[in-house]
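# Close look at the chain arrangement
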Amino acid sequence: MNVLMPTSLSEACAFCAKQPDLIPLAGATDLLVHWPIHPAEHDKSYLDLSHVQELRTIGWASGTLTLGALATYWDVLQDGRAKSEFPLLLEAARQVGAIQIQSRGTWAGNIANGSPAADGVPVLMAYDASVTLTSAGGSRSVPLHEYYTGYRKSVRRPDELISAISMPIRKYDFSVFHKVGARRAQAITKIGVAITRESEAPSLGEGVGGRENFHPWRVVANSVSATVKRCTAVEQLLQSNSPVRKPEDFLPALASDVSPIDDIRSTADYRRTVLARLLYHSLRNVAPAVT
Ligand SMILES: Cc1cc2nc3c(=O)[nH]c(=O)nc-3n(C[C@H](O)[C@H](O)[C@H](O)COP(=O)(O)OP(=O)(O)OC[C@H]3O[C@@H](n4cnc5c(N)ncnc54)[C@H](O)[C@@H]3O)c2cc1C
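Quick look at the structure, then. (Residues numbered from 1 in each chain as written. Predicted model: local features only at pLDDT ≥ 70, side-chain atom pairs only at ≥ 80, totals over all residues. Heavy atoms only, no water.)

### Digging into the overall build of the chain
- Secondary structure summary: the chain contains 10 helices and 14 strands in total.
- Taken over the C-alpha trace, the chain has a radius of gyration of 19 Å; the compact-globule value for 291 residues is 19 Å, and the two agree within 12%.
- Dimensions along the principal axes, computed over C-alpha positions, put the chain at roughly 60 × 50 × 30 Å.
- Here the chain holds 291 residues, and 48% of them are scored as buried.
- Considering only contacts within the chain whose residues lie at least 6 apart along the sequence, 63% involve residues at least 24 apart.
- Summed over all atoms, the accessible surface of the chain reaches about 13900 Å², with 53% contributed by carbon and sulfur. (Helix = DSSP H or I, 4+ residues; strand = E, 2+ residues; numbered from the N terminus. Rg over C-alpha atoms; globule rule 2.2 N^0.38 Å. Buried < 20%, exposed > 50% of the residue type's maximum accessible area, 1.4 Å probe, protein only. Contact = heavy atoms within 4.5 Å. Areas by Shrake-Rupley, 256 points an atom, 1.4 Å probe, with all protein chains shown as cover.)

As structure tokens, this is what we get:
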């Protein structure tokens, strides 16, 4: 096994450019899980990012919250401003594993691991997060809801690292995160959902051309598709003010948004039914048409 230990992002990217099959290592809470079972399969080359101090940051500037790639759940739980501006980040962070995992696991690792059950990803997506991908050739920003291309597949090239995750600071008048598991803590999610409603249209100057039609709702579900999934049909249903009088009224929209499967944790039918109920009971008397 070969472990490279860069101390700067540029050095890390230079290693990736030379050797694109390097496996980045952040908190290692996902990567090391399978090692005791199949040690021979892990005899590979790793890029340990833990000494790259510039990635261990949480920044508030220019109307944006930026989490460096080594920012952990615990870092966000300790950030007073995150608590008031992005409460769902804390809701999700508290429900990831226990304190040991929260203090090592990173938001970037949660994204890069690509599990459809990831709990950090839905709340980031519900806040319109973007992922900064950095290589020796420069950086690019990808909206998180466009990051995944399939089960554990993404637009990230092998020579790119996630260097940061950014979220615009906006005003929200409603937000909720639900995680349904086999027990209240230390459980892999069977069905999860994050919902936000932005409370006011952005000022004229913001996002020229991109935000002329104000869409306040974001609905993101996990463990019900091959990837964490933004539910745009549900968002449009809420935007359209079509009446929703029972959980089942969400099912036609969900049929186009998600494609749950039967697996050891749950059945597709249970996942669909519970997601519709979570939506209905979260939004009843919050969204005007959900009564
Ligand atoms: C006991 C236990 C409980 C857990 N509970 C939960 C839970 O409740 N909810 C949940 O969502 N997850 C849970 N996890 C999974 C895990 O803790 C999280 O997904 C965590 O966020 C992973 O972050 P990490 O820094 O440890 O990633 P790592 O394990 O270091 O890496 C994960 C993947 O991301 C890649 N990667 C990491 N950083 C980068 C980067 N900067 N650029 C490109 N690729 C990168 C790695 O190569 C690897 O493929 C649990 C894990 C354990 C062991």
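Having seen the structure, we can now continue with the description.
### Overview of the site of the ligand
- In the vicinity of the ligand lie 30 residues, with Pro24, Thr29, Asp30, Tyr73 and Thr106 positioned nearest.
- For the ligand, whose accessible area on its own is 980 Å², the fraction buried by protein is 85%.
- Mapped by element, the contributors of at least two residues to the shell around the ligand are strand S2 (23–25), helix H6 (107–113) and strand S10 (161–168).
- By residue number, the principal contributor to the shell around the ligand is H6, which donates 4 residues. (Near = heavy atom within 4 Å.)

### Quick look at empty space enclosed by the protein
- The final tally for this structure, using the stated rule, is 1 cavity of 30 Å³ or more.
- Here the largest cavity defines a volume of roughly 30 Å³.
- In terms of lining residues, the largest cavity is bounded by Leu237, Leu238, Asn241, Ser242, Val244, Ala287, Pro288, Ala289 and Val290.
- Along the lines of polarity and charge, the residues of the lining of the largest cavity split into 7 nonpolar, 2 polar and no charged. (1 Å grid on protein atoms, 1.4 Å probe; cavity = no way out; pocket = protein on both sides within 12 Å on 5 of 7 lines; lining within 4 Å. Points joined across faces, edges and corners; volume = space filled by probe spheres on them. Nonpolar A, V, L, I, M, F, W, Y, C, P; charged D, E, K, R; others polar.)

### A closer look at the sheet that holds strand S4 (residues 58–61)
- Taken in spatial order, the 5 strands make up an open sheet running S4-S5-S10-S6-S7, and their pairing is antiparallel. Strands at the two margins of the open sheet, each flanked by one partner only, are S4 and strand S7 (138–143). Averaged over all pairs of adjacent strands, the angle between their axes in this sheet comes to 25 degrees, without regard to strand direction.
- Where strand S6 (residues 130–135) lies against S10, 5 bridges are found, and the strand directions are antiparallel. Residue pairing in the sheet places Ser130 in a bridge with Ser166 of S10.
- The strands touched by helix H1 (residues 9–18) are S6 and S10; relative to S10, the strand with the most contacts, the crossing angle is about 130 degrees. (Pairing = 2+ DSSP bridges. Axes fitted to C-alpha atoms, helices over the stretch in contact; angles between N-to-C directions.)

### Some thoughts on unusual backbone geometry
- Unusually for a residue other than glycine, Ser62 sits at a positive phi of about 50 degrees.
- Along the polypeptide, Ser62 turns up in the loop between S4 and strand S5 (64–68).
- The phi torsion at Arg152 lies on the positive side, around 55 degrees, for a residue other than glycine.
- You can see Arg152 is positioned in the loop between strand S8 (148–150) and strand S9 (153–154).

### Brief notes about the pattern of salt bridges
- Going through the model one piece at a time under the given rule, you end up with 14 salt bridges.
- With a shortest N-O distance of 3.4 Å, Glu85 and Arg81 are connected by a salt bridge. Of this pair, Glu85 and Arg81 both sit in helix H3 (residues 80–85), separated by 4 residues, roughly a single helical turn.
- Judged by its relative accessible area of 23%, Glu85 falls in the partly exposed class.
- Arg81 gets classed as partly exposed once you look at its relative accessible area, which sits at 39%.
- The closest approach of N and O atoms between Lys179 and Asp119, which form a salt bridge, is 2.8 Å. Taken as a pair, Lys179 in strand S11 (residues 172–180) and Asp119 in the loop between H6 and helix H7 (120–126) lie far apart in primary sequence, 60 residues in all. (Salt bridge = Lys/Arg side-chain N within 4 Å of Asp/Glu carboxyl O.)

### Things to note about helix H10 (residues 268–283)
- Under the 1.5 Å per step criterion, the end-to-end length of H10 is 23 Å for 16 residues, consistent within 8% with the ideal 22 Å.
- Ala268, Arg271, Val274, Leu275, Ala276, Leu278, Leu279, Tyr280, Ser282 and Leu283 are the residues of H10 that are buried.
- Residues of H10 that are buried in the fold lie against S11, strand S12 (191–198), strand S13 (217–222), helix H8 (232–240) and helix H9 (251–257).
- Of the residues one or two after H10, Asn285 is the one with positive phi, at around 65 degrees. (Expected span 1.5 Å × (residues − 1).)

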